[in-house]
Amino acid sequence: RTQLWMDIKFCVSVIGLLSCLALRTLASGSTYVNGPQGGRQRLLFGFASPALLPKTLRSSQLSTVNPRANRRVQPMARRRAAHLHLSMSSTTEDQEPMALTSVNNEVVNNLVVERLLALAKGTEWTQIAEKKGVRVWRKRTEHGYSWPHGAGPANSTGRFDAIKAVAVLDAPVEKVLDVFRDNAKCQAYNEFFAEMEDVVVIDDDTKIVWSATERIGPLRARDFATRVHFRAMPDGSFVIGNLAEQVACADQRAAGKQSKYCRMEMLLGGHIIRPIAGEASRCEYTQITYANPGGALDSKIGAFIANAAAAGGPIEVISSLREFVALPE
C-alpha cells in the first residue's frame, strides 16, 4: 500500500524538472499540454453523515477489542454487519453523496483473496531489483479488475505496474500477522503512515481503514480508504487482502493533520505470510501492490515516473518490517 508513495521523493525532483521544461515551452510560444485541472469530476462513494448509517456501523459506536495473542483470527468488534452500506456520488468530493447501495462482503472478500493469490502466482513477472534480502518484480498490467457494484476503487486502471516483493523474515507467522492487525504497530514500522484509523468494522476479519501520509514537497498528502481482509489458509499461511473502497472518510479528513488530501487507491494488494517447513521462528513474506497514486501521478507521464521508481519502495518497507518483527516482545 505504500511502496509507490515511498518513491515520491524521487518523483518530486523529476516533476520539478518537467515543470521547468513546460514553463520554458510556454514562454517560447510552443504548444504544450495542460496539467490536471481543479474541480475535476470523479466517482465517489462515501458516508454522507453518521445519521445516514445504521447505528451498528457508526464508528463512534464500534466496540474495540484488544488483540489476543492466543487466537489466530481475532475479533475486531462484538457486532457484525452482514453488509456495509456505502453512499455513491458522481460529483466532486466536496458535495454530499446521493444514494446508498449494499455490498455483499463475502463475495468481495473471496474475490480479493482469489485474485491476490492468482496475481502472486502468475507468470510474466520481471525481476527488477534484489537488495537487503528482498527480491522485487514488476508486472505490466493492461487493464484493471472489475468488482461487484458498490465495491472497489473508483478508477480501476491498467496504467500502473503491479509490484511483487518477497523476503524471509526472522519471526513466526503469528508475530508478523499481529503487526498488521495493530494500526499502531503498522505506523511504528512504516514511517510514511502518519495517520491511521479504523472507520468501519464489517466482521471479525474485515474492516475499512483510513490512513494518510504526510505532504512531501509540492505533492499533496495522500490518503487511503482501504478494505483490509484477513484470511487463514489451509496450509497454515495467512493472506491479508487490500482493496480501495469509495468511502469518503469526511470526518477523518476534517480531523486530519493536513488541510487537504489526495486520494490514493489500492487497485489490488496485500500480504501473504507463509510458514517455512522446519523453521518455526521464520516465515516467507510476500507483498503485492497494484495502486493508483492519484493526482498529478494519475496521468501517462505520472504513471511513467511512478513505474520507473517503484523498485526501491518495497525494499525499504520490508527491511523496516524485518527489523521491527525481530525486536523482542
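Residues numbered from 1 in each chain as written. Predicted model: local features only at pLDDT ≥ 70, side-chain atom pairs only at ≥ 80, totals over all residues. Heavy atoms only, no water.

## So, the nonpolar core
In terms of nonpolar packing, the biggest core is built from 36 residues, with L169, V176, F180, I273 and L321 touching the most fellow members. Listed in part, the 24 residues of the second largest apolar core include V103, V166, L243 and A306. (Core = buried A, V, L, I, M, F, W, Y, C linked by side-chain atoms within 4.5 Å. Buried < 20%, exposed > 50% of the residue type's maximum accessible area, 1.4 Å probe, protein only.)

## Some details on the confidence of the model for the chain
Confidence in the prediction of the chain, expressed as mean pLDDT, is 75, and 69% of residues score 70 or more. Low confidence marks residues 9-101, where pLDDT is under 50. Its contacts with residues over four positions away, or in another chain, come to 163 contacts. (pLDDT = per-residue confidence, 0-100. Contact = heavy atoms within 4.5 Å.)

## What about the pattern of salt bridges?
Counted according to the given criterion, the structure contains twelve salt bridges. For the salt bridge of R138 with D161, the shortest nitrogen-to-oxygen distance reads 2.6 Å. You can see R138 sitting in strand 5 (residues 134-139) and its partner D161 sitting in the loop between strand 5 and strand 6 (162-169), a full 23 residues away along the chain. Of the charged contacts, one joins D298 and R159 as a salt bridge, the two residues approaching to 2.8 Å between their closest N and O atoms. Pair noted here: D298 is in the loop between strand 13 (279-292) and helix 7 (300-308) and R159 is in the loop between strand 5 and strand 6, with a separation of 139 residues, a long-range link. On the basis of relative accessibility, which here comes to 19%, the residue D298 falls in the buried class. (Salt bridge = Lys/Arg side-chain N within 4 Å of Asp/Glu carboxyl O. Helix = DSSP H or I, 4+ residues; strand = E, 2+ residues; numbered from the N terminus.)

## With respect to the environment of A248
Mapping A248 onto the fold places it in the loop between strand 10 (238-244) and helix 6 (250-255). Each C-alpha atom, one on A248 and one on R263, is 9.4 Å from the other, the two residues being 15 residues apart in sequence.

## A look at helix 8 (residues 312-326)
When the terminal C-alpha atoms of helix 8 are compared, their 22 Å separation across 15 residues agrees well with the 21 Å that a helix rising 1.5 Å per residue should span. Buried within helix 8 are the following residues: G313, P314, I315, V317, I318, S319, L321, R322 and V325. (Expected span 1.5 Å × (residues − 1).)

## A few points about the packing of helix 4 (residues 173-181) against helix 8
Contact geometry of helix 4 with helix 8 gives a least axis separation of 10 Å together with a crossing angle of 110 degrees. When the axis of helix 4 is compared with that of helix 8, the two are roughly perpendicular. Between helix 4 and helix 8 lies a crossing of right-handed hand. Residue-level contacts link K175, V176, V179 and F180 of helix 4 to L321, F324, V325 and A326 of helix 8. Class assignment of the residues belonging to the contact of helix 4 with helix 8 gives a composition of seven nonpolar, no polar and one charged. (Axes fitted to C-alpha atoms, helices over the stretch in contact; angles between N-to-C directions. Parallel < 35°, antiparallel > 145°, perpendicular 65-115°, else oblique. Left-handed = near helix turned anticlockwise from the far one by under 90°. Nonpolar A, V, L, I, M, F, W, Y, C, P; charged D, E, K, R; others polar.)

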